[in-house]
Every structure is written in C-alpha cells, then in structure tokens.
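Architecture and fold: a report
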Amino acid sequence: MTKNVPLAKQPASGDYAWLGAEAGSVADHMYMLNTEDWVEAINSRFVNELLNDELPEEVLKAYLIQDFKFYDNGMMGRLIKLAPRQETKDMLSKQAQWFEDNETTYFEHFIKAYNISQQEYDETEQTPANKEYGEYLESLADKGWPVLVAAMCCMEWVYLAWAKRTVDASVVQQIPAHKGWVDLHEGELFRAWVGNLIALVNEYCSVNGPEAEVFRTMVHLERRFFEDSYQLD
Ligand SMILES: Cc1ncc(CN)c(N)n1
C-alpha cells in the first residue's frame with residue numbers, strides 16, 4: 001500500500017540552487033514568476049493520485065494517449081538546430097537519444113499493456129489544453145534560441161518538481177506505469193538534464209525579455225494539461 005506523498009511547499013527563491021538556479025539567478029526569477037500555477041501543477045489531482053497509486057486506470061490511459069500525442073512536439077529538433085555551440089548540440093542530441101530509448105519505449109510498452117488500440121489512439125481528440133499547448137510551442141518555433149530554451153527548461157523542470165515530491169518522501173509507487181513515469185522524471189540523469197537547461201537559461205535568457213512571458217505561459221499550460229486529464233468526469 002503506497003503512503004500519501006506530501007504536497008510540495010510554496011516555491012521560495014533559491015529552492016533549486018542545488019541545480020544551478022541560485023537565488024537571484026535568471027532561472028530562479030523565472031521559477032518565481034508564476035508560483036500559483038506551478039504549485040497547482042505539481043500538486044495537481046493527477047499527480048497526487050499517480051504518486052499515491054490512486055489514479056483511476058481510465059484517467060491514466062487517457063493521459064498516456066494525450067501525452068504521447070504531445071511528445072512529438074518538435075521542440076528538441078528545433079533546439080538542436082539553433083544551439084549556438086557544438087557541445088550544446090551534443091548534449092541535446094544525447095538527451096534526445098535517451099528519450100527515444102526510455103520515454104518512447106515507456107509509451108509503447110504501457111499503451112500496449114493497457115490495451116489501447118491504434119484506432120483508439122488515432123481517434124482520440126487532443127484535450128483543449130493539449131491542443132493549445134502544441135499550438136503555442138509551434139508559435140515559438142521562429143522566436144529564437146532563448147525563447148526555446150526557456151520553454152524547454154520550464155517543461156522539464158515542472159516534471160522534475162512533481163516527481164521530486166515522491167523521492168523526497170522516499171515513497172515508491174507499486175503500480176509499474178506510475179513508478180515508470182516517476183523514474184523517467186526523477187533521478188541522476190533527469191536532474192542533470194534539467195540542470196543543463198537551467199544553466200542555458202542563466203546564460204542566454206533575460207527576465208526582461210520575451211522568455212519570461214514564455215516561462216509564465218508554459219507553467220500555466222502545464223497546469224491545464226493535468227487538469228484536462230479529468231475532462232471526461
Ligand atoms: C505536457 C508535458 N510536459 C512535460 C513533459 C515532460 N517531458 C511531458 N511528458 N508532458
């Protein structure tokens with residue numbers, strides 16, 4: 001029986017200093033821009049139920065379909081193309097390969113395990129938030145490297161933040177799809193990935209630039225993406 005995983009606390013400046021977002025850094029400013037949506041996302045009903053192994057199977061299945069559709073959002077390819085340094089291109093390409101080897105296989109495995117047919121997958125409409133999120137990312141495609149870095153950093157950091165709740169509480173999920181989803185978003189490798197994105201935000205983004213609004217909007221879309229998991233209620 002899984003224990004109740006405590007809710008995340010209200011964000012405070014310097015929370016992620018250990019990952020490179022020191023108090024007063026650009027990334028830390030971004031982190032503190034939209035704390036209401038941030039907390040609502042990482043403490044969302046979906047996350048709570050997943051971490052507590054109480055997620056109804058229908059909701060998990062619906063989320064798997066939605067998120068696999070979201071997964072193919074083109075962000076990684078755009079970042080690799082625009083990265084100003086070869087070492088950054090290499091870091092991103094290595095991460096893209098890691099996703100291919102681990103996240104793609106996660107989706108394929110559990111979509112099969114939960115008997116989601118190709119027809120059901122194809123015929124499922126994207127939720128409003130998923131659709132809006134995809135369109136938003138598409139609209140950023142020609143907005144340049146700093147904006148894309150801010151968007152990717154936010155997208156991944158929010159996921160680390162909710163998964164970290166269970167690692168902090170030393171709670172391990174008993175349902176393989178739940179544990180697997182946590183394992184993809186917490187651990188040495190994922191922390192290093194988010195740390196690399198935070199370093200890029202500190203290097204290339206500005207709190208006075210369009211990146212700040214992008215970060216704020218992304219947090220909001222992440223919150224809504226989770227909320228839409230229950231739109232069938
Ligand atoms: C909607 C969403 N945002 C972020 C992630 C983490 N890659 C995700 N899987 N899905």
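Scroll up to find the structure this text is about.
My aim in this report is to walk through the structure given alongside it, one point at a time. Just so it is clear, the structure is predicted and the values come from calculations on it, not from any experiment.

On to the site of the ligand, then. The environment of the ligand is made up of Asp67, Phe70, Glu103, Met155, Glu156, Tyr159, Trp181, His185, Glu222 and Phe225. Contact between the ligand and aspartate 67: a nitrogen atom at 2.7 Å from a side-chain N or O atom of the residue. Between glutamate 156 and the ligand, the recorded distance is 2.7 Å, taken from a side-chain N or O atom to a nitrogen atom. Calculation on the ligand without its partners gives an accessible area of 290 Å², and the protein chains cover 95% of this total. Here the ligand is seated within the largest pocket. Elements supplying a minimum of two residues to the shell around the ligand: helix H4 (57-71), helix H9 (145-168), helix H10 (176-185) and helix H12 (210-227). Here the residues of the shell around the ligand sort into five nonpolar, one polar and four charged.

The next subject is empty space enclosed by the protein. Taken as a whole and judged by the stated rule, the model has one cavity of 30 Å³ or more. Empty space within the largest cavity amounts to approximately 30 Å³.

In this section: the environment of arginine 224. Mapped onto the fold, arginine 224 is located in helix H12. Separated by 158 residues in the primary sequence, arginine 224 and glutamine 66 place their C-alpha atoms 13 Å from one another. Contact partners of arginine 224, with chain neighbours within four places excluded, come to Pro128, Ala129 and Glu132.

Turning our eyes to something else, we now look at the pattern of salt bridges. Oppositely charged side chains can pair when the atoms bearing their charge come close. The tally for this structure, following the rule as stated, stands at 14 salt bridges. One salt bridge connects lysine 143 with aspartate 142, and the closest N-O pair in it is separated by 3.2 Å. Judged by relative accessible area, aspartate 142 falls into the exposed class, the value being 64%. For arginine 216, the salt bridge identified is with glutamate 213, shortest N-O distance 3.2 Å. Within this pair, arginine 216 and its partner glutamate 213 are both found in helix H12, separated by three residues, close to a single helical turn. Ionic contacts of the salt-bridge type, sharing partners, join the residues Asp37, Arg223 and Glu227 into one network.

Of the volumes computed, that of the largest pocket is approximately 450 Å³. Tyr71, Asn73, Phe99, Glu103 and Met155 are the residues nearest the centre of the largest pocket, which is lined by 23 residues in total. Counting residues per element, the lining of the largest pocket draws most heavily on helix H6 (residues 86-113), at five residues. Listed by contribution, the elements that provide at least two residues to the lining of the second largest pocket are helix H2 (35-42) and H9. With four residues, H9 is the largest single contributor of residues to the lining of the second largest pocket. Partitioned by chemical class, the residues of the lining of the second largest pocket number 12 nonpolar, one polar and five charged.

Criteria and cut-off values
- Residues numbered from 1 in each chain as written.
- Predicted model: local features only at pLDDT ≥ 70, side-chain atom pairs only at ≥ 80, totals over all residues.
- Heavy atoms only, no water.
- Near = heavy atom within 4 Å.
- Polar contact = N/O pair within 3.5 Å; in protein donor to acceptor, adjacent residues only side chain to side chain.
- Areas by Shrake-Rupley, 256 points an atom, 1.4 Å probe, with all protein chains shown as cover.
- 1 Å grid on protein atoms, 1.4 Å probe; cavity = no way out; pocket = protein on both sides within 12 Å on 5 of 7 lines; lining within 4 Å.
- Sits in = over half its atoms within 2 Å of the grid points.
- Helix = DSSP H or I, 4+ residues; strand = E, 2+ residues; numbered from the N terminus.
- Nonpolar A, V, L, I, M, F, W, Y, C, P; charged D, E, K, R; others polar.
- Points joined across faces, edges and corners; volume = space filled by probe spheres on them.
- Contact = heavy atoms within 4.5 Å.
- Salt bridge = Lys/Arg side-chain N within 4 Å of Asp/Glu carboxyl O.
- Buried < 20%, exposed > 50% of the residue type's maximum accessible area, 1.4 Å probe, protein only.

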